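Structural overview
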Amino acid sequence: MCGIIGYTGEGEALPVLVEGIRLLSYRGYDSAGVAVERDGALVVEKDKGRIEDLAPSWDRTRLAGRTGIGHTRWATHGRPSRVNAHPQSDAAGDVVVVHNGVLDNDIALREELAAAGVGFVSETDTEVFAHLFARTFRGDPVATARGVLARCHGRFALLFLHRRLPGTLVAVRRGSPLLVGLGRGECLVASDVRALAGRADRVLELEEDEIAVVTPAGATVHAADGRRVTREPKALRYDEASLGRGGFPHWTLKEIHEQPERLADLVAARIDPVHGRVRLDELALSDADLASLDRVDLVGSGTASYAAMFGARAIEALAGLPARMVPGSEYDALPETLGPRRLVVAVSQSGETADTHAAVEAAKAAGARTVGVLNARASRIARSVEGFVDIHAGPEIGVASTKVYTSMLLSLLLLAVRIAEARGRRGALMPLRPGLDALPDAVRRAVAGAPAVKDVAREVHRAQNMLYLGRGPDHATAVEGALKMKEISYIHAEGYAAGEMKHGPIALVSWDVPTVAVMGHGEHRTRMLSNVREVKARDGLVIAVAAEDDADSPKVSDLLVQVPTLHPWIAPIVHVVPLQLLAYEVAKRRGCDIDQPRNLAKSVTVQ
Ligand code: M6R
C-alpha cells in the first residue's frame, strides 16, 4: 500500500525516482510525486494519476538534482488529488516527506499544530510529519527524527529531505518496511526491494523504530534512543526475470501461466521422496505440539481468507481437528480465550496485511500458538509468528492474486497432512501422492484450455451480475472466482455454497445473470447437478467447470470448460484456473486496467 523511493548519489535523481515509482506502482497508483533537492532548494512535482501519464510532463531542468524522494499513493486520508499527493511539505518548504502507513494520532496532532499557528493545506496525515519535522529540526537529523517518533503513534515508513541537509535522506521505520540499498557512489531508500534491483548490490533492512541517515557514501543506522546500530548489509538478491512481464501483455496473465512451475517447485520442496512425508522445516511446532491441539483458526483477508477457508476444511477432513476460517479483520473482536492448544494460522501473500497481523497479535496475547503461511519471509507477520510455511510463489505484481492463491491452497493442504501425520494418521499423504505428482501438468493443461474460456468470455462479458456456485472444497473456488471477476472486470459477482442458492440468490437467476458452476467430484458433484438443474429450470445461463471424466455436466450446462480429473482435495487447485482466465478475458474485453484495478492496492497495511 503506497510505495517509497529515495535516491542520493552522483547521478540525476529524477530518472531513478520515476523508475522506482513505476516498479512500486502495483502497491498503489492513484497519485504520484517527486521532490528533488539542489543547492539547498527543494522542487516538488506531483499529481493525481499514474506515473506513466505524469512523468512525461515533468520538467527535467527544473527537477535537476542528485538527491530526491518519490512516492506512489493509495489514498487513505483525503481523496486522490494534487494537493493530497506526496511529497508533503511544511509551510516554509524547508522539508518534504513521503509516507506509507497511517498516523493514528493524526487528529490530535493536527489540532495541536493548528493551535500553534500551523496552516494545513492537505487532508493527509502525512502533512503532520512534515510540520513536526520542520518544527523539531535544529540541524541534527537523528535527533529530529527521534523527536518525530516520540510524538507519533501508528504504523508508518517515512522518508524526509530537508533543504539544510543537502545530499541526505532521513528514513524512519515504525511498523512498515523500509530498506536502504547501497550501490556504487549512490544509495537508495525503498519500501520494497523491487525498486532497488539493478542499482544497489547490498541492502540494509531497517528494524522497528530505527532511523537511517543516508548519503551517497553510505548509511548510518540509529535505534530509537539515538544509539548507533552496527549492521552488516546483506547481498541483494533479486530474480531478474521477475522484473519483466516476459512477453505477456499483463502481469496477471504471466502469473496465471507461472502456476505449473511454481506448484512443481513447491511439491518438490515439500515432499520428502525417500520417506514419503511432508517436509515443513520451519513450522516450529513438534509432533507433540501438533498432537496436543484442540482447534485451528485460520485467518486471512480477501483471497488469502478464501485459501484459509479451503485450509480449514482440509484440516478438519484430513487431520480430524476442528478448524474454521475467520477473516483477519474480525478475529481480534472474538470474545474468546485461546490458550496453547489453539493454533492460529495466518495466511497472507505480502505478510504485511494489517488485519491479518492484528489477528496474530490478538492470538498471541490470548496464549495461542501461531504459524504463518506466507509468501514474504522478511515481512511483519513472518516476524510475529512462531512458525513459518513459505508458499514459494515468487513476487506477485498483478494486484489480483492468482499464482499466490494456488500456492496457498497447496501449502495449506500439505499443512493439513502434516498435522494429520503428527496426530497418528501416518498414511495421510499416501492417497494424495499420485494427484500431487500430476498437479503441475494438470494446471498446465488447465492454462492451455484458454480458448474454451475465451468462448465463455465472449458470451458473458456484457453481464452486470454473475453467480458462482461450488460445494465442499470448491466452495472456496466459487468465492475466489467471484472475487477475481469483481476485482478486475468490475462485474458484480457473488460466490456461494451451491446449496445456499435456493435460500435466496435463486431470485436473481435469469439468462442475463450467468451462473458459473464448479461441479466438483463424488457426492458434491451429484448435488451440484441438481443445483444446476434448478438454475436451468429458471432459464439461467450455466457455465460448468467440470472434470474431463464427468459425462453428465455437459448435458445440463450451456457452456463447458473441462479440466483434468484429480483427487477431490487437489482438484480445487486446478478448478480455479479457468475462473482466473475467465476474469482476465472478460476484463480484457471490457477494456479494464487488469493489473491495476481501480481503488485497490496490492498490500493493505491499514485496518
Ligand atoms: O497480502 P495478503 O495476502 O495478506 O492480502 C490479502 C488481500 O488483501 C488480497 O488477497 C486481496 O484480496 C487481493 N486483491 C485478491 O486478489
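Parameters at a glance
Residues numbered from 1 in each chain as written. Predicted model: local features only at pLDDT ≥ 70, side-chain atom pairs only at ≥ 80, totals over all residues. Heavy atoms only, no water. Core = buried A, V, L, I, M, F, W, Y, C linked by side-chain atoms within 4.5 Å. Buried < 20%, exposed > 50% of the residue type's maximum accessible area, 1.4 Å probe, protein only. Helix = DSSP H or I, 4+ residues; strand = E, 2+ residues; numbered from the N terminus. Domains from an automatic or database assignment. Contact = heavy atoms within 4.5 Å. Near = heavy atom within 4 Å. Polar contact = N/O pair within 3.5 Å; in protein donor to acceptor, adjacent residues only side chain to side chain. Areas by Shrake-Rupley, 256 points an atom, 1.4 Å probe, with all protein chains shown as cover. Nonpolar A, V, L, I, M, F, W, Y, C, P; charged D, E, K, R; others polar. Salt bridge = Lys/Arg side-chain N within 4 Å of Asp/Glu carboxyl O. Pairing = 2+ DSSP bridges. Buried area = accessible area lost by both parts, 1.4 Å probe.

Let us now look at the nonpolar core. General note: in soluble globular proteins, nonpolar side chains tend to be found buried as a group. Counting 99 residues, the largest nonpolar core has Met466, Tyr468 and Leu582 as its most contacted members. Residue contributions to this core peak at 14 residues, all from helix α12 (residues 403-422). Summarising the domain contributions, this core has at least three residues from each of domain 2 (245-448) and domain 3 (450-607). Excluding anything up to four places from it in sequence, leucine 582 contacts Val453, Val456, Ala457, Val460, Met466, Tyr468, Met485 and Val516.

Neighbouring residues of the ligand: 13 residues in total, closest Ser348, Gln349, Ser350, Thr353 and Glu487. A distance of 3.2 Å is found between an oxygen atom of the ligand and a backbone nitrogen or oxygen belonging to threonine 303. Serine 401 is positioned with one of its backbone polar atoms (N or O) 2.8 Å from an oxygen atom of the ligand. Starting from 410 Å² of accessible surface for the ligand in isolation, the protein chains cover 92%. For the shell around the ligand, the elements supplying multiple residues, two or more each, are α8 (303-319) and α15 (475-489). Here the residues of the shell around the ligand sort into 3 nonpolar, 8 polar and 2 charged.

A separate point is the environment of glycine 147. Note that glycine 147 resides in helix α5 (residues 141-151). Relative accessible area serves as the criterion here: at 22%, glycine 147 is assigned to the partly exposed category. As a C-alpha pair, glycine 147 and phenylalanine 133 span 14 residues in sequence and 7.9 Å in three-dimensional space.

Now for the environment of threonine 402. Along the chain, threonine 402 turns up in the loop between β22 (387-390) and α12. We classify threonine 402 as buried; its relative accessible area is 2%. Along the backbone, threonine 402 and glutamine 580 are 178 residues apart, and their C-alpha atoms lie at a distance of 6.8 Å.

With that settled, consider the pattern of salt bridges. For the structure shown, the criterion picks out 41 salt bridges. A salt bridge links aspartate 94 to arginine 163; the nearest nitrogen and oxygen atoms lie 2.6 Å apart. Of the two residues, aspartate 94 sits in the loop between β5 (88-89) and β6 (95-103) while arginine 163 sits in the loop between β7 (154-162) and β8 (169-174), which places them 69 residues apart along the sequence. In this structure, arginine 525 engages aspartate 552 in a salt bridge whose closest nitrogen and oxygen atoms are separated by 3.3 Å. On the criterion of sequence distance, the pair formed by arginine 525 in helix α16 (residues 522-536) and aspartate 552 in the loop between β26 (542-547) and α17 (553-556) is long-range, its members being 27 residues apart. Note on aspartate 552: relative accessible area 31%, which makes it partly exposed.

The buried fraction of β8 amounts to 6 of the 6 residues, a majority that puts the element mostly inside the structure. Of the two faces of β8, the one lined by Leu169, Ala171 and Arg173 and the one lined by Val170, Val172 and Arg174 are each fully buried. With 4 bridges connecting them, β7 and β8 associate as antiparallel partners. Directly across from phenylalanine 160, in β8, lies its bridge partner valine 170.

Looking now at the domain arrangement of the protein. By the assigned domains, the protein splits into domain 1 (3-243), domain 2 (245-448) and domain 3 (450-607). If you average the C-alpha positions of domain 2 and of domain 3, the two centres end up 23 Å apart. Note on domain 2 versus domain 3: buried area summed over both sides is about 3700 Å², and carbon and sulfur give 68% of it. At the surface where domain 2 touches domain 3, the tally comes to 2 salt bridges. Residue arginine 445 is joined to glutamate 548 by a salt bridge in which the shortest nitrogen-to-oxygen separation is 2.7 Å. Summed over the shared surface of domain 2 and domain 3, the number is 17 residue pairs in polar contact (both at pLDDT 80 or more). For the side of domain 2 that touches domain 3, the secondary-structure elements that each account for two or more residues are α6 (251-270), α8, α10 (354-365), α12 and α13 (433-448). If you tally residues by element for the side of domain 2 that touches domain 3, the top one is α13, at 10 residues.

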